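# Descriptive analysis of the structure
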Amino acid sequence: MTLQRSALHPIAAAAGSHFQERFGWELPRLYADPALEYRAATEAVAVHDASYVGRLKATGRDVLDLLNRMSTNQVLSLQPGQGAPTILTTDRGRILDLIAVVNTGDYILLITSPGNQQRIIDWLDKYTIMEDVAVQDATSSDAMLAVLGPGSQAALEAISGVALGEVSAYHTVTVAIGGQEVRLIRRPLGGLPSFDLLVSPDGAPGVWQALVESGATPMGVEAMDAVRVRYGVPYYGREMGEAFNPLEAGLIGSIDFAKGCYIGQEVIARLDTYHKVQRALVTLRFAPDAQVAEGMNLRRGEQRVGVVTSVARIPKTGEVIGLGYVRTEAAAVGARLELEEVPGGWAEVEELPELFGPGKG
């Protein structure tokens, strides 16, 4: 299989980056030092080539109406420049994907999980009957850069000359960076400030160079994985998918319980009303130098209570952290669980992440 390459691949190659396959793309694993990259993302500002993230272009007068009837959040009233996260669920209330819906004014942009574009197109097409809706995969039509870290907003304001304080989460504006027109979307990574920049493939190298010259540190997927796990962000195929429902995945803040029917609504409402959620997504801290891997089981005494879904080593400190699902009765902050496959190994629950807050505010 031929791996896809982004418009920024030549820049990474020229910098001597180490590459790896991910989501059908050849991606830079690191640019120089993963510890430096992780520190920039969590303490300053980093830039990451996120062109592998799925993007769909939806057009037609009924797009928002269809999405509103099919997904968990209120998106019908999104005005040009506005956006929101929402979840497409099955009739059993299971996760098909967490997507961002952004009204650009010219079309509706859907940001999907990497590699999930065709699945979402097929799902929307299945429920499109008489609606005026057309959806196409736009992932390769532009490049996408993620600028993240505590200093990301200030850095982007300085380089674009546009104040971004009034741009709410998932909302969008058009700015100029490095002489190129860029669509900027504020899309936080858990509690970490982050912005997506969409730019033409020809313009992407200039935007990347301008960001780096302004002080942003290039970051590969190794450091990005560690940042994702540290901030409790679920990934499709790990913590999201048809094995999970949005409530146990900590996604309640992207569910509008008052908006009316959508596919899977009755199941999700019943789980919430009667407190029937059986497990919870948790962030985990493991014993130093733990030999832990995804899929390992978690026990409390003689009872198996959970499973590890993601593992990352913090490049800065060597600390081993992870994400996992734990039965609700055992999912308490500070609870120490045993690793079934590692004699003497343990995992401590650090947090029950809620990507969009507790919801029902």
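Here's a quick rundown of the structure. (Residues numbered from 1 in each chain as written. Predicted model: local features only at pLDDT ≥ 70, side-chain atom pairs only at ≥ 80, totals over all residues. Heavy atoms only, no water.)

Our next topic: the overall build of the chain. Of the regular secondary structure elements, the chain holds 8 helices and 19 strands. A compact globule built from 361 residues would reach a C-alpha radius of gyration of about 21 Å, and the chain, at 20 Å, matches this within 12%. Here the C-alpha coordinates of the chain stretch approximately 60 × 50 × 45 Å along the principal axes. By the burial criterion, 54% of the 361 residues in the chain qualify as buried. Sequence separation of at least 24 residues holds for 64% of the intrachain contacts in the chain that already meet a minimum separation of 6. Of the roughly 15200 Å² of accessible surface on the chain, 49% is carried by carbon and sulfur atoms. Counting 31 positive and 43 negative side-chain charges, the chain places the averaged centre of each group 5 Å from the other. (Helix = DSSP H or I, 4+ residues; strand = E, 2+ residues; numbered from the N terminus. Rg over C-alpha atoms; globule rule 2.2 N^0.38 Å. Buried < 20%, exposed > 50% of the residue type's maximum accessible area, 1.4 Å probe, protein only. Contact = heavy atoms within 4.5 Å. Areas by Shrake-Rupley, 256 points an atom, 1.4 Å probe, with all protein chains shown as cover. Lys, Arg positive; Asp, Glu negative; His and termini not counted. Charge placed at Lys NZ, Arg CZ, Asp CG, Glu CD.)

With that out of the way, let us pick up the packing of helix H2 (residues 34–43) against helix H7 (residues 221–230). Running from amino to carboxyl end, H2 crosses H7 at an angle of 45 degrees, the nearest separation of the two axes being 9 Å. The angle between the axes of H2 and H7 places the two elements in the oblique class. The interaxial crossing formed by H2 with H7 has right-handed handedness. Here H2 contributes Pro34, Glu37, Tyr38, Ala41 and Thr42 to the contact with H7, which in turn contributes Glu222, Ala223, Ala226, Val227 and Arg230. Its residues placed into classes, the contact of H2 with H7 shows 6 nonpolar, 1 polar and 3 charged. (Axes fitted to C-alpha atoms, helices over the stretch in contact; angles between N-to-C directions. Parallel < 35°, antiparallel > 145°, perpendicular 65-115°, else oblique. Left-handed = near helix turned anticlockwise from the far one by under 90°. Nonpolar A, V, L, I, M, F, W, Y, C, P; charged D, E, K, R; others polar.)

Tracing the sequence through the fold places lysine 259 in the loop between H7 and helix H8 (265–273). Put simply, lysine 259 is tucked away with no salt bridge, and the nearest opposite charge, on aspartate 256, sits 7.2 Å away. Among the polar contacts made by the side chain of lysine 259, one reaches the main-chain carbonyl oxygen of asparagine 68 at a distance of 2.3 Å. A polar contact is formed between the side chain of lysine 259 and the backbone oxygen of serine 71, at a distance of 3.0 Å. (Salt bridge = Lys/Arg side-chain N within 4 Å of Asp/Glu carboxyl O. Polar contact = N/O pair within 3.5 Å; in protein donor to acceptor, adjacent residues only side chain to side chain.)

Turning our eyes to something else, we now look at helix H5 (residues 152–160). When H5 is considered as a whole, its buried residues turn out to be Ser152, Ala155, Leu156 and Ser160. Here the buried residues of H5 occupy an arc of 110 degrees about the axis, which is enough to place them on one side. In this structure, the buried residues of H5 make contact with strand E9 (143–148), strand E10 (172–177), strand E11 (180–186), strand E12 (194–199) and helix H6 (204–213). A positive backbone phi angle near 75 degrees is found at glycine 161, which sits one or two residues after H5. (Arc of directions from axis to C-beta.)

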